[in-house]
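Residues per chain, in single letters:
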Amino acid sequence: MIGLKTVQAPRAAVRYFEGGEGEPLVFLHGAGGLTAEDPFLAALAQTHHVYAPLIPGYGDSDEAPEIRDMLDFTLHSWDVVEALGLKDPVLVGHSMGGMIAAEMAAIAPNDVSRLALIAPAGLWDDAHPVPDLFSTLPFEMPALLFHDAAAGAAMLTAGRNVEDPNFLQTYLVTNARQLGMAGRILFPIPERGLQQRLYRIKAKAVLIWGDSDRLMPPAYAHAFKKGIADSRLVSIPEAGHMVIVEKTAAVVEAIATLG
Amino acid sequence: MKFTWFNLMPWPYLPDDFRETNRSVWVDIDQALFDPVKSHQVYNTYMDLLEYADALGFDGVGVNEHHQNGYGIMPSPNIIAAGLARRTKDAAIVVLGNSIALYNPPIRVAEEFAMLDCISGGRLVAGFPVGTSMDTNFCYGQIPSLTREKYQEAHDLIIKAWTTREPFAWNGRYTKLRHVNLWPRPIQQPHPPVHIPGGGSVETYDFCIDNTYSYSYLSFSGYLRAQALMSGYWKRVEERGVDKSPYRAGFAQTILVADTDEEAERLYAEHVNYFYNRCLHVYPGFADAPGYRTIKTIQTGALSQYAPPRGGYATLSWKDLVEGGHVIAGSPETVRQRMEELIKGLNVGNIFCLMHVGNMPADKCMYSTKLFAEKVMPKLKAMFPDWAPEWADDNRFWTSPLKDRVASGSLPRQAPSAADLARTYALEAGE
C-alpha cells in the first residue's frame, strides 16, 4: 500500500510516497513526475521500504522558489533524506532523478553505498544530442519515451479527456509547475557539470538502460559506466526511456543485485 | 496621441509553400532561406522607410528585438536605432526594446541606450521586454522559470546605474559587478521614458504602475481581441488608485491605408496574407516553454500572444482579418473611424503603427504611410483634447529632447585650409 505523506525539509514541505517493508530505498522521479498508482513504486515496495519524495512543484506539493540550481537540488534532496530519518538508503533515480541521485552520491560519497541510475540525465555528448524535451508537444512524447509508442500513448492519455478546456488549463498549469522546476537543471541542455564530479562516487552502482531509449540514447550508459568506478550496466531490450513501466520487473531485479 | 511608425523587418522571401515545408518561422527556421546579398537591399530599404516616417511627422520610429526569426531580421535593434539616431530629425527613437535578461552584464543596455539618447539628443524611448519564449528561452537559453527573476534584477541594475552618480557595487544573483559607474549616461533625466511590452502577464501591470512605465500590448490579433486584456490592465490601474492617462498604455496595430476600401484590399491583401500565414507560422512547441509564464497568468486563461485563432490564420480571409480587427485597412475615413474606436475603446495614447506588413514592397508602404500621415493622423490627434483633455500635456511617458540638436552632416563641406585655421584660432587666441 503506497501512501502520500508530508515531511518538512528546510527549503520546503515535501510530499512523498511511502510503502512496503524491508531495506530503506529512496526513489527520485524523472521530469514527468510520479503518482501513487505508478507500477514501478508498487514493484519496489514488494521488496523494499520505499520513500519517493516529489520535487517541489510536482503533484500537489508546494513550490520552492529558492531551489534554483544543481547544488540547491542536490542539497535539498539530502535534506529530505535527513528529514525522513534515513541513513545510507538504497538510492535510485530515474532520468532527472538519476541526475540528482548521481550528484548526491558525488557530493557525499561516504553516505551512499548503493546507487541505481535508470537512464539518468546529466551528461552531454555532441555526437548524441539529447532531444529537447521542453519543445516537444504532448502528442510527440510517446515516440520519445516508449519502445512501444502506441502502448505508451494509450498509457499517457488513459482516463483523460483531452478535448475538455479545463483539462487543457490544468495541463498547462501542471506543466508550468513541474517542467518549470525541472528546467532549472535540464534547460536548455540537461548538463550541469556532473561529468567532472563522477569520479567522486564510491557507491556500488548499477546503470539501467532501455535499449531503445530515444530520449537519453544508450551511448550515455557507457559514459556513466566509464565515469563511475564500481559500476555495472544492465541493458534491457525492448524498452525505451520509460523502462520502469515498460520492463518494471527487469528494473527491480537489476536494483536487487545491489544487495 | 503619439504615433510610432514600426517595422518588424520581416524577411520578404519566404517561399509560397513555406507553411507546408517548414516547421517554424522561428528558432529552427531553415537558414537556406536567408540570402545575405539580398538582405543588403532589404535592410537599407527598411531603414529608408523608417526615415521616411520621420520626414512625414510621425512622433516616433520603432524597432524591436527578435532572434532566429523569419519576420524580424533585427536581433540587435540598437544597431538600427543608431542609424536612425543619425538620420532622423525629430521622431522619438522607440526601441521596444532590449530583452534585458539576455544581456550579460545588463549594464550593456544601460550603456547602449545612453549612447542612443546622447546621439539622438534625448529622443530615446527605452523598452524593456522580457522577450518571447522563442527568443529568451529557445534561442538564448535562459531557464524559463528563472527568466522573470533575472529580468527583474537586470531592470533594477539598469535603473540604478542610470540614476546613481558615483560608482557602486552590485551583488546580484545573476550579475556581480564591483564597479558600476555608467559612462556615458543618458541626456533625459532621471532616465529615458520606459515602455514595457507585455503579453498579458498580470505581474507586469503592477510593475508598470509602480514605476510609472507605459504598458504596451503588442499583439497581432488586433484591437477587438485586445479589449479583455486591456480592460484587465485599466481595472488594475483603478484598483491601485493611480490616474488613467491614456499614455499609460500602448498598442500595436497593423494599419493599411489606400484611396478606397476596395483599393486597400487590392493593394495589400497578399502582403497581409504573407504575414499571417507565413510569418506567424511558429511551431507550437516553441510558443511557451513550461515555466516561462507564471501560474497566475496561465490561470487568467490568457493564451500565449502567439497562439493562433482556432483553426489557424490560414482559414482567415482579408474580410475576416479586417472585420475581426486584426488589421485596420481601407480608405482614410474607414481607417480613421476604426482607429478612433481602437483609441477610445482601449484608452491608449501610444499607437505603434505596423505599417509595413509581410513582404510589402517599399512603394506600397510609402503610399499607405503618406495617406495615414496626411489624412488620418491629424484628425486622430485633433480628437485628443476633447476626448482626454486632462492628459493632453502628459509627458511622463514620452521623450524630452534637447531644444537645440545637431544632425548628421553638420560639418562644413570642405576641410579648412591652413589659412582658415590660422584665422579661426588666432582670433580665439587674441581674445
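None of these values were measured; they are calculated from a predicted model.

Definitions and cut-offs
- Residues numbered from 1 in each chain as written.
- Chains lettered and ligands numbered in written order.
- Predicted model: local features only at pLDDT ≥ 70, side-chain atom pairs only at ≥ 80, totals over all residues.
- Heavy atoms only, no water.
- Buried < 20%, exposed > 50% of the residue type's maximum accessible area, 1.4 Å probe, protein only.
- Helix = DSSP H or I, 4+ residues; strand = E, 2+ residues; numbered from the N terminus.
- Pairing = 2+ DSSP bridges.
- Phe/Tyr/Trp six-rings, centres within 6.5 Å; stacked < 30°, edge-to-face > 60°.
- Lys NZ or Arg CZ within 6 Å of the ring centre and 35° of its normal.
- Contact = heavy atoms within 4.5 Å.
- Buried area = accessible area lost by both parts, 1.4 Å probe.
- Salt bridge = Lys/Arg side-chain N within 4 Å of Asp/Glu carboxyl O.
- Polar contact = N/O pair within 3.5 Å; in protein donor to acceptor, adjacent residues only side chain to side chain.
- Nonpolar A, V, L, I, M, F, W, Y, C, P; charged D, E, K, R; others polar.
- Axes fitted to C-alpha atoms, helices over the stretch in contact; angles between N-to-C directions.
- Core = buried A, V, L, I, M, F, W, Y, C linked by side-chain atoms within 4.5 Å.
- Patch = residues over 30% accessible without salt bridge, like charges linked within 9 Å, V, L, I, M, F, W, Y side chains within 5 Å.
- Areas by Shrake-Rupley, 256 points an atom, 1.4 Å probe, with all protein chains shown as cover.
- 1 Å grid on protein atoms, 1.4 Å probe; cavity = no way out; pocket = protein on both sides within 12 Å on 5 of 7 lines; lining within 4 Å.
- Points joined across faces, edges and corners; volume = space filled by probe spheres on them.
- Parallel < 35°, antiparallel > 145°, perpendicular 65-115°, else oblique.
- Expected span 1.5 Å × (residues − 1).
- Bend = angle between axes of the 7 residues up to and from the residue.

Engineer: Is there a simple way to think about the pairing of strand 2 (residues 13–19) of chain A in this case?
Structural biologist: Two faces belong to every sheet, and in a regular strand the side chains alternate between them. Residue and element names in this part refer to chain A. Burial within strand 2 is extensive, with six of its seven residues counted as buried. Sheet analysis places strand 1 (residues 3–8) next to strand 2, joined by six bridges and oriented antiparallel. Paired with G3 across the bridge in strand 2 is E18. From the end of strand 1 to the start of strand 2, which pair antiparallel, there are four residues. Here strand 2 runs beside strand 4 (residues 48–53); their pairing, made up of four bridges, is antiparallel. Looking across to strand 4, one finds that E18 is bridged to Y51.

Engineer: So what exactly am I meant to see when it comes to the packing of aromatic side chains here?
Structural biologist: Aromatic ring pairs: the centre-centre distance and the angle between the two ring planes describe each pair. All names here are of chain B. Under the criterion given, the structure shown has 30 aromatic pairs over all chains. A centroid spacing of 5.7 Å and a plane angle of 75° characterise the contact between F3 and F372, whose relative ring orientation is edge-to-face. One end of the pair, F3, is in strand 1 (residues 2–6); the other, F372, is in helix 13 (residues 362–387), with 369 residues separating them in the sequence. Each member of the pair, F3 as well as F372, carries the same accessibility label: buried. One Lys or Arg, R23, reaches over the ring of Y283 and ends 3.8 Å from the middle of that ring. One residue, K160, lies across the ring of F168, its end atom 4.5 Å from the ring centre.

Engineer: What is the right way to look at the interface of chain B and chain A in this model?
Structural biologist: By a widespread convention, an interface's size corresponds to the accessible area lost as its parts come together. Each partner contributes to the interface: chain B provides 21 residues, whereas chain A provides 22 residues. Looking only at chain B, the three residues that lose the most surface to chain A are P290(B), I295(B) and I298(B), adding up to 29% of its buried area. When the shortest N-O distance is used, the salt bridge between R68(A) and E149(B) registers 2.7 Å. Here chain B and chain A share six residue pairs in polar contact (both at pLDDT 80 or more) between them. Breaking the side of chain B that touches chain A down by element, the ones donating at least two residues are helix 5 (133–139) and helix 10 (295–299) of chain B. Per-element accounting of the side of chain B that touches chain A gives the leading share, three residues, to helix 10 of chain B. Here the side of chain B that touches chain A is composed, by residue class, of 11 nonpolar, eight polar and two charged.

Engineer: What exactly am I supposed to notice about the sheet that holds strand 4 of chain A here?
Structural biologist: Sheet strands associate in pairs through backbone hydrogen bonding, adopting either a parallel or an antiparallel arrangement. Residue and element names in this part refer to chain A. Read across the open sheet, the eight strands follow the order 1-2-4-3-5-6-7-8; overall the sheet is mixed. The open sheet has two edge strands with one neighbour each: strand 1 and strand 8 (231–236). Averaged over all neighbouring strand pairs, the angle between strand axes comes to 25°, with direction disregarded. For strand 3 (residues 23–28) and strand 5 (residues 90–94), the ladder comprises four bridges, and the chain directions are parallel. Across the sheet, the residue bridging to F27 is V92, located in strand 5.

Engineer: Quick question: what am I supposed to make of the environment of F3(B) here?
Structural biologist: All names here are of chain B. Of the residues examined, F3 reaches a relative accessible area of 0% and is grouped as buried. Residues F3 and P284 lie 281 residues apart in sequence; the distance between their C-alpha atoms is 32 Å. Residues in contact with F3, not counting those within four places in the same chain, are F58, D59, G60, M339, I351, C353, F372, M377, L380 and K381.

Engineer: What's the story with the nonpolar core in this structure? I'm lost.
Structural biologist: One recurring pattern in soluble globular proteins: nonpolar side chains tend to sit buried together. Membership of the largest hydrophobic core comes to 230 residues, with the highest contact counts inside it found for I255(A), F128(B) and F372(B). Excluding residues that lie within four positions of it along the chain, F372(B) makes contacts with F3(B), F58(B), I255(B), V257(B), V335(B), M339(B), C353(B), M355(B), M377(B), P378(B) and L380(B).

Engineer: Honestly, a nonpolar patch on the surface in this entry has me stumped. Any pointers?
Structural biologist: Where nonpolar side chains cluster on the molecular surface, the patch consists of L71(A), L75(A) and I107(A) and spans about 240 Å² of accessible area. For I107(A), the position within the fold is in helix 3 (residues 96–107).

Engineer: Would you mind going over empty space enclosed by the protein with me for this structure?
Structural biologist: A probe as big as a water molecule, rolled over the atoms, marks out the empty space that is left. Residue and element names in this part refer to chain A. Enumeration over the complete set of coordinates arrives at four cavities of 30 Å³ or more. In this model, the largest cavity occupies a volume close to 120 Å³. Looking at the largest cavity, the residues that line it are S95, A121, V130, P131, D132, L133, F134, L186, P188, P190, L215 and M216. In this structure, the second largest cavity encloses a volume near 90 Å³. If you go around the second largest cavity, the residues you meet are V26, L28, P53, L54, I55, H76, S77, V80, V81 and M104.

Engineer: What's the story with the packing of helix 8 (residues 222–239) of chain B against helix 12 (residues 332–346) of chain B in this structure? I'm lost.
Structural biologist: Residues and elements named next belong to chain B. One way to put it is that helix 8 packs onto helix 12 with a least axis distance of 9 Å and a crossing angle of 25°. For the element pair helix 8 / helix 12, the angle class is roughly parallel. Residues Y223, L224, A226, Q227, M230 and W234 of helix 8 pack against R338, E341, L342, G345 and L346 of helix 12. Residue composition of the contact of helix 8 with helix 12, grouped by class: seven nonpolar, two polar and two charged.

Engineer: Help me understand helix 13 of chain B in this model?
Structural biologist: Residues that lie three or four places apart on an α-helix share one face, since the helix turns once every 3.6 residues. Residue and element names in this part refer to chain B. Its 26 residues place the ends of helix 13 35 Å apart at the C-alpha level, agreeing with the 38 Å of an ideal helix rising 1.5 Å per residue. Within helix 13, the axis deviates most sharply at V376, by approximately 40°, and proline P378 lies no more than four positions further along. Every buried residue of helix 13 is accounted for by K364, C365, S368, T369, L371, F372, A373, V376, M377, L380, M383 and F384. On its buried side, helix 13 packs onto strand 1, helix 2 (36–55), strand 9 (249–257), helix 9 (261–279), helix 12 and strand 11 (350–354).

Everything listed here is a matter of geometry and, on its own, says nothing about what the molecule does.
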